[in-house]
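Report on the structure
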Amino acid sequence: MDSLSLSNIAASHLLTSIKNDVLTITMNRPHKLNGWTMDMMESLKEAFSIANTNDNVKAIILTGIGKYYSAGVNLAGTLKVMPPKALHELIVKNNQRLFEVFLNCNKPLLIAINGPAIGASVTSATLANRIVTADNATFSTPFSALGITPEGCSSYHFPRLLGEANCQRMLGKEGWKPNAEEALTAGLVQSVVPQPQLMEEAHRIAQNWVVNKEDRQFLAGSSLKELQAANAKESVQLADAFFSTAFLKNQAHFFFNKKKYAPSITFFMLWALRPLWARFM
């Protein structure tokens, strides 16, 4: 069985295997709930970039090891201390690049959700050809609770996938976290299987794609151009939200409750001093 030739950092975050023209990329940081640190996001970018030009790859499966598919972006691990204007530009750039990894994937892409999925790991999954999920999975997009705006093209893509009502339930104040069957009924995922059978079913689907020469396409009839435009717009809106009073206050309390006092103090100081540094935006 072949694998991708990844850098040492990427290989420490991802497992890869190629069998019968199907590449399986497995997030392999279960002790961190497969959270998307900068290293994890760069590793995914590297793997997808290599796969895009590998003639032995005709379809891709992305999944995770452990109890979680992914806990989403690790905010404390991705934000750096720098002048406000530079940080704003960095957030726009990093967010846009993250979802471009999925948007620019030129092979049929199947997401196999092996457990709870949160935030960007949910929105990015909807940019695949299809999502198959284990019956123990849940889906959370807590943007409103965090005081930030939707990302991953979800402000545009979710209403098409879920309908306006369910979209608002997930992205709005309710913060609805559907389980696997609820996600299937709502249209967020396309099939549900018992957890032990997830990868068997994922490989069956991907192998059929190879045989039938499945094209890369997006759910709900969305086009690449439309999704790219949504990603660019949302990235700016997200960066704006990261500097808002609501977000800074929320993060200060969040990290305090987690007994992570250093980042809590950082966000508290940013919140308290916002009237001063906001002048330099």
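The paragraphs below set out a description of the structure included in this document. (Residues numbered from 1 in each chain as written. Predicted model: local features only at pLDDT ≥ 70, side-chain atom pairs only at ≥ 80, totals over all residues. Heavy atoms only, no water.)

Here's the deal with the pairing of strand β6 (residues 130-134)
Counted residue by residue, β6 has 4 buried out of 5 residues, so it is predominantly covered. As defined by bridge partners, strand β4 (residues 109-113) adjoins β6 across 4 bridges and the pair is classed as parallel. Within the sheet, the bridge partner assigned to Ile-113 lies in β6 and is Thr-133. Two elements, β6 and strand β8 (residues 191-193), share 3 bridges in a ladder whose sense is parallel. Within β8, the residue paired with Val-132 across the bridge is Ser-191. (Buried < 20%, exposed > 50% of the residue type's maximum accessible area, 1.4 Å probe, protein only. Helix = DSSP H or I, 4+ residues; strand = E, 2+ residues; numbered from the N terminus. Pairing = 2+ DSSP bridges.)

Section: the pairing of strand β2 (residues 22-27)
Most of β2 sits inside the fold, with 6 of its 6 residues counted as buried. In β2, alternate side chains face the same way, and those of Val-22, Thr-24 and Thr-26 on one face and Leu-23, Ile-25 and Met-27 on the other are all buried. Relative to β2, strand β1 (residues 14-19) runs antiparallel, the two sharing 6 bridges. For Lys-19, the partnering residue across the bridge sits in β2 and is Val-22. Linking two consecutive strands that pair antiparallel, namely β1 and β2, is a turn of 2 residues; a positive phi of about 55 degrees is found at Asn-20 within it. Taken together, the 6 bridges between β2 and strand β3 (residues 59-64) define a ladder with parallel strand orientation. Bridging from a neighbouring strand, Val-22 pairs with Ala-59 of β3. The handedness of the β2 to β3 crossover, carried by helix α2 (residues 38-52), is right-handed. (Right-handed = clockwise from strand over helix to strand, strands pointing away.)

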